[in-house]
Amino acid sequence: MKIIFTLTIFIFASLFSSSVLSEEIKGAFGLKLGDVFEEDLYEIGNTEGGKIIYSFQPTNPHMSFLYFGVLLTPDTKIIYEIWAWNKYDDSAECKSNFEILEILLDKKYSTLKSDIISMDSESAYYKQNERYISLRCPLEFSSSPIYLQYADKELRKLAITEEAVKTNSDGL
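What comes next concerns the included structure. Remember, predicted model here, so these are calculated numbers, not experimental data. (Residues numbered from 1 in each chain as written. Predicted model: local features only at pLDDT ≥ 70, side-chain atom pairs only at ≥ 80, totals over all residues. Heavy atoms only, no water.)

Topic: the overall build of the chain
Selection rule: Strands are runs of DSSP state E lasting at least 2 residues, helices are runs of H or I lasting at least 4, and numbering of each runs from the N terminus. The rule is simple: take the accessible area with a 1.4 Å probe, protein chains only, and divide by the maximum for that residue type; under 20% is buried, over 50% is exposed, in between is partly exposed. Residue contacts follow a heavy-atom distance rule, with two residues in contact if any of their heavy atoms lie within 4.5 Å. Computed with the Shrake-Rupley method and a 1.4 Å probe, the accessible areas treat only the protein chains shown as cover for residues.
Looking only at helices and strands, the chain has three helices and 10 strands in total. When the elements of the chain are put in sequence order from the N terminus, they spell out α-β-β-β-β-β-β-α-β-β-β-β-α. Among the 172 residues that make up the chain, the fraction classed as buried is 37%. Contacts spanning at least 24 positions in sequence make up 54% of the contacts within the chain whose residues lie at least 6 apart. Entry remark: accessible area of the chain is about 11,100 Å², with carbon and sulfur atoms responsible for 59%.

Focus on the nonpolar core
For clarity, the cut-off: We call a set of buried residues a nonpolar core when its members are Ala, Val, Leu, Ile, Met, Phe, Trp, Tyr or Cys and they connect through side-chain atoms within 4.5 Å of each other.
Within the largest apolar cluster, 30 residues are counted, with the highest numbers of intra-cluster contacts made by F29, V70, I82, L148 and Y150. Mapped by element, the contributors of at least two residues to this core are β5 (67-72), β6 (79-88), α2 (91-109), β8 (121-128), β9 (131-138) and β10 (144-152). The biggest single contributor to this core is α2, with five residues. Look past the residues within four positions of I82 in its chain and what remains in contact with it is G27, A28, F29, L31, K32, L33, F56, G69, V70, L148, Q149 and Y150. Grouped together as the second largest cluster of nonpolar side chains are eight residues, Y80, W83, W85 and L155 included.

Brief notes about the pairing of β6
Just so we agree on the cut-off: Here, strands pair whenever DSSP counts at least two bridges between them.
Summarising burial for β6: nine of the 10 residues are buried, a large majority. Bridge analysis of β5 against β6 gives six bridges, and the strand direction is antiparallel. Within β6, the position partnered with F68 by the bridge is A84. In sequence, β5 turns back onto β6 through a hairpin of six residues, with K77 there showing a positive phi of about 60 degrees. Across eight bridges, β6 lies against β10 in antiparallel orientation. When the sheet's bridge partners are listed, E81 is paired in β10 with A151.

Structural data, given as structure tokens:
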């Protein structure tokens, strides 16, 4: 009896751990968070916080997105965020694409999904340790953007540390 119980626990643990491992947030569109970005650097804009967004050509793009960008640590060029976005003519088209993408992400990351409520957008959020995926379709009047972000908070801290090393600390 003890052997059967132990074997049952072993099988259950093996099945559970393999399903969790298959849902690990690694990256998207052919890029991995934590990898060094090897492509040429082409700035395509800045975040609201002033961080540079560099464009990249995805190896496996999704038809819902037209634009692809990465955020990199300033010195070592390590990828700490991967972005994809598009603008739609109306909110119904954005919402329709959001719903499809959410189902696809749910299939891949079901156990990582967090319940969040947003009054100003359609939102889906998936979290694993210091990594997360955010899918948003903010409510706007003239056009409706959709955003997908894969991010690593620890690597973002590395980016801030690399930036701080270049900053003068006199007067602190």
